[in-house]
Amino acid sequence: MTEVKLAVLGGSGAGKSALAVRFLTRRFIGEYASNAECIYTKHLCLDGRQIHLEIYDPCSQPQRGKLPLTDELHWANGFIVVYDISDRASFAFAKALLYRIRESHIGACKKMAESSIFLVGNKQDLCHMREVGWDEGQKLAIDNKCQFCELSAAEHYQEVVAMFTKVLRAIISKFRVKEKRRPSGSKSMAKLINNVFGKRRKSV
């Protein structure tokens, strides 16, 4: 069974928990006050592969202050960064999160180079109150080399599932690349060991 760890990040009120719960249970929770971080778990089958999924949902993250994210960056295989299209402050916070994640690509966190990131503009049902344009979200995603979509956790269950599925497929595809590399490396190492020790055996 493949283990996948996914972190859902965003500012307070962006709909992080609503997205996660919608995907996991089909239910939509309009008001979700969380004062403690939690990890949801789910077993599912994707493209014939059994997956044990863990979704990290932090407590409402402050929109001011530093964004260390050290634990999340080392723990997660992928990130969903959420903002509220009717709240420009949450978009600015998502931008800061993406910058922090991208900064880790350049830094020493090697695992981040193998992570998948999805930017989500939530609350599309509040389009009449929109403060962030679709093109702004798309540009931010392009600038940070991540995928992007707008949806409504309240109204678009299938789109929520499709978004999570895309993230999982991206993560799994990178796992497969790593799996393909390992045998060749192992064979090369085994061949080297056999050659070394084989020659020694012959010389004894």
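Residues numbered from 1 in each chain as written. Predicted model: local features only at pLDDT ≥ 70, side-chain atom pairs only at ≥ 80, totals over all residues. Heavy atoms only, no water.

**Q** Looking at this model, I keep getting lost on the overall build of the chain. Mind explaining?
**A** What the chain contains, in helices and strands, is 5 helices and 6 strands. Along the chain, helices (α) and strands (β) appear in the sequence β-α-β-β-α-β-α-β-α-β-α when read from the amino end. The burial tally for the chain puts 45% of its 204 residues in the buried class. Summed over all atoms, the accessible surface of the chain reaches about 11,500 Å², with 54% contributed by carbon and sulfur. (Helix = DSSP H or I, 4+ residues; strand = E, 2+ residues; numbered from the N terminus. Buried < 20%, exposed > 50% of the residue type's maximum accessible area, 1.4 Å probe, protein only. Areas by Shrake-Rupley, 256 points an atom, 1.4 Å probe, with all protein chains shown as cover.)

**Q** How should I be thinking about the pairing of strand E3 (residues 49-57) in this particular structure?
**A** Within E3, 8 of the 9 residues are buried, leaving the element largely enclosed by the surrounding structure. By the bridge criterion, 6 bridges tie strand E1 (residues 2-10) to E3 in an arrangement that is parallel. Residue pairing in the sheet places Glu3 in a bridge with His52 of E3. For strand E2 (residues 38-46) and E3, the ladder comprises 9 bridges, and the chain directions are antiparallel. By the bridge assignment for E3, Cys45 is matched with Gln50. (Pairing = 2+ DSSP bridges.)

**Q** Can you walk me through the pattern of salt bridges in this structure?
**A** Pairing between side chains of opposite charge can happen when the charged atoms of each approach one another. A complete count under the given rule lists 6 salt bridges for this structure. Salt-bridge contacts for Arg169 lead to Asp47; the nearest nitrogen and oxygen are separated by 2.8 Å. Within this pair, whereas Arg169 is found in helix H5 (residues 157-203), its partner Asp47 is found in the loop between E2 and E3, the two being separated by 122 residues in sequence. Of the residues examined, Arg169 reaches a relative accessible area of 42% and is grouped as partly exposed. A salt bridge links Glu103 to Arg100; its shortest N-O distance comes to 3.7 Å. Linking Glu103 with Arg100, this pair stays in helix H3 (residues 88-106), spanning 3 residues, or about one helical turn. (Salt bridge = Lys/Arg side-chain N within 4 Å of Asp/Glu carboxyl O.)

**Q** What should I look at first to understand the pairing of strand E6 (residues 147-150) in this one?
**A** Residues in a regular strand project their side chains so that they alternate between the two faces of the sheet. Relative to E6, strand E5 (residues 116-122) runs parallel, the two being bridged by 4 bridges. Counted as the bridge partner of Leu119 is Phe148 from E6.

**Q** In this structure, what is going on with the packing of aromatic side chains? I would like to understand it.
**A** One pair of aromatic rings is described through two measures. These are the centre distance and the angle between the planes. Here the structure, examined in full by the defined rule, presents 4 aromatic pairs. Judged by centre distance (4.3 Å) and plane angle (10 degrees), the rings of Phe23 and Phe164 are stacked. Taken together, the positions of Phe23 in helix H1 (residues 16-25) and Phe164 in helix H5 put the pair 141 residues apart, joining distant regions of the chain. An identical accessibility class is assigned to Phe23 and Phe164; each is buried. (Phe/Tyr/Trp six-rings, centres within 6.5 Å; stacked < 30°, edge-to-face > 60°.)

**Q** Explain helix H4 (residues 134-143) here, please?
**A** The periodicity of an α-helix, 3.6 residues per turn, causes residues three or four places apart in sequence to face the same way. Listed as buried for H4 are Gly137, Leu140 and Ala141. One side of H4 holds all its buried residues, which, seen down the axis, span an arc of 100 degrees. Summarising the geometry of H4, the exposed residues directed more than 90 degrees from the buried face are Asp135, Lys139 and Ile142. (Arc of directions from axis to C-beta.)

**Q** When you look at the sheet that holds E3 in this model, what are you seeing that I'm missing?
**A** Pairing between the strands of a sheet comes from backbone hydrogen bonds, and it takes one of two forms, parallel or antiparallel. An order of E2-E3-E1-E4-E5-E6 is seen for the 6 strands of this open sheet, with the pairing classed as mixed. Here the strands that pair on one side only, and so sit at the sheet edges, are E2 and E6. Here the average twist between neighbouring strands, direction ignored, is 20 degrees. Across the sheet, H4 is in contact with strand E4 (78-84), E5 and E6; its angle to E6 comes to roughly 165 degrees. (Axes fitted to C-alpha atoms, helices over the stretch in contact; angles between N-to-C directions. Contact = heavy atoms within 4.5 Å.)

**Q** How should H1 be read in this particular structure?
**A** A large share of H1 lies buried, amounting to 9 of its 10 residues. Along H1, the residues classified as buried are Lys16, Ser17, Ala18, Leu19, Ala20, Val21, Arg22, Phe23 and Leu24. The first or second residue beyond H1 is Arg26, which carries a positive phi of 75 degrees.

**Q** Quick question: what am I supposed to make of the nonpolar core here?
**A** When a protein is soluble and globular, its nonpolar side chains tend to lie buried together. Within the largest apolar cluster, 31 residues are counted, with the highest numbers of intra-cluster contacts made by Leu53, Ile55, Ile80 and Met163. Among the secondary structure elements, those contributing two or more residues to this core are E1, H1, E2, E3, E4, E5 and H5. Looking at which element gives the most residues to this core, the answer is H5, with 8 residues. Beyond its immediate stretch of four places on either side in the chain, Ile80 contacts Leu6, Ala7, Val8, Leu9, Phe118, Val120, Met163, Phe164 and Val167. Formed by 24 residues, the second largest nonpolar core is a distinct cluster that contains Tyr56, Ile85, Leu98 and Cys146. (Core = buried A, V, L, I, M, F, W, Y, C linked by side-chain atoms within 4.5 Å.)

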